[in-house]
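# An overview of the molecular structure
One letter stands for each residue in the lines below.
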Amino acid sequence: MREMTEKTVLVHGKDGQEFQIKRAVYSDVEEIMEVMEKAKADTKPEWFVSDERDYVEEHIEKSGFILVAKTEDDKTAGFFMIDFPGQDSRNLGRHMELKGEELNHVAHMDSAAVLAEFRGNHLQEELMRRGEEMLDEIGGYRYRMCTVCPENQYSLYNLQKRGYLILMTAEKYGGLLRHIMYKDMEKIVEQEAQIGLQSHSQM
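The rules behind each value
Residues numbered from 1 in each chain as written. Predicted model: local features only at pLDDT ≥ 70, side-chain atom pairs only at ≥ 80, totals over all residues. Heavy atoms only, no water. Helix = DSSP H or I, 4+ residues; strand = E, 2+ residues; numbered from the N terminus. Buried < 20%, exposed > 50% of the residue type's maximum accessible area, 1.4 Å probe, protein only. Contact = heavy atoms within 4.5 Å. Lys, Arg positive; Asp, Glu negative; His and termini not counted. Charge placed at Lys NZ, Arg CZ, Asp CG, Glu CD. Polar contact = N/O pair within 3.5 Å; in protein donor to acceptor, adjacent residues only side chain to side chain. Axes fitted to C-alpha atoms, helices over the stretch in contact; angles between N-to-C directions. Parallel < 35°, antiparallel > 145°, perpendicular 65-115°, else oblique. Left-handed = near helix turned anticlockwise from the far one by under 90°. Nonpolar A, V, L, I, M, F, W, Y, C, P; charged D, E, K, R; others polar.

### Structural notes on the overall build of the chain
The number of helices and strands found in the chain is 5 helices and 8 strands. Moving toward the C terminus, one meets the helices and strands of the chain in the order β-β-α-α-β-β-β-α-β-α-β-β-α. For the chain, the spread of C-alpha atoms along the three principal axes comes to 50 × 45 × 35 Å. Counting all 203 residues of the chain, 43% fall into the buried class. By sequence separation, contacts in the chain at least 24 residues apart represent 64% of the contacts at least 6 residues apart. Charge centroids of the chain, computed over 26 positive and 39 negative side chains, lie 2 Å from each other.

### So, the environment of Ser155
Within the secondary structure layout, Ser155 lies in helix H4 (residues 153-161). Residues Ser155 and Glu125, spaced 30 residues apart in sequence, show a C-alpha to C-alpha distance of 8.8 Å. Among all residues touching Ser155, those that are not within four sequence positions of it are Gln124 and Val148. At 3.2 Å, the side chain of Ser155 and the side chain of Asn152 are in polar contact.

### What to know about the packing of helix H1 (residues 29-41) against helix H2 (residues 53-61)
Two numbers describe how H1 lies on H2: the axes approach to 10 Å, and their chain directions differ by 130°. Between H1 and H2, the interaxial angle falls into the category oblique. When you trace H1 past H2, the crossing you get is right-handed. Between H1 and H2, the residues in contact are Val29, Glu30, Ile32, Met33 and Met36 and Arg53, Val56, Glu57 and Ile60, respectively. Tallied by class, residues from the contact of H1 with H2 come to 6 nonpolar, no polar and 3 charged.

Written as structure tokens, this is what we have:
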């Protein structure tokens, strides 16, 4: 696997707002926790499951990475966490009957939240887009997986727009109903290649 780049991406939001999307560092953890707690408070309880601080800190460098969307005055407007579950029992790849080394090729598009005052700027979508670009740069993560509450149509729409499919619906996180979503990058590449060949043959 290759090293990921530390590129900062500029996003233009509504009303002339600008946001920088970049990889989080340890000094961002406090604001990430604040965003998470506020998101939990202003959404339906069954929609959002917050993480413990230790779990967040682990994903700054060790178990994955976190992207943050920063305002022009360096405030954290939102975040997106990518988790590398490996052989852990929480690996969603087990629902696809992946085993052994295959589980190491699963990346969880994990926890995401945007402060209410910054919603409408497509930050969740942009954070996910950059997260997937970074996974492509690293290489080796064929399966992209996540969970979403079936009632959360906004997040479900964003995932489906990015090519994620519903694998199944099951109880997770202590009995909460979730769609388990996945994207198989090898199959997507194969499908795109076939479409390209068909288009070329019709010229």
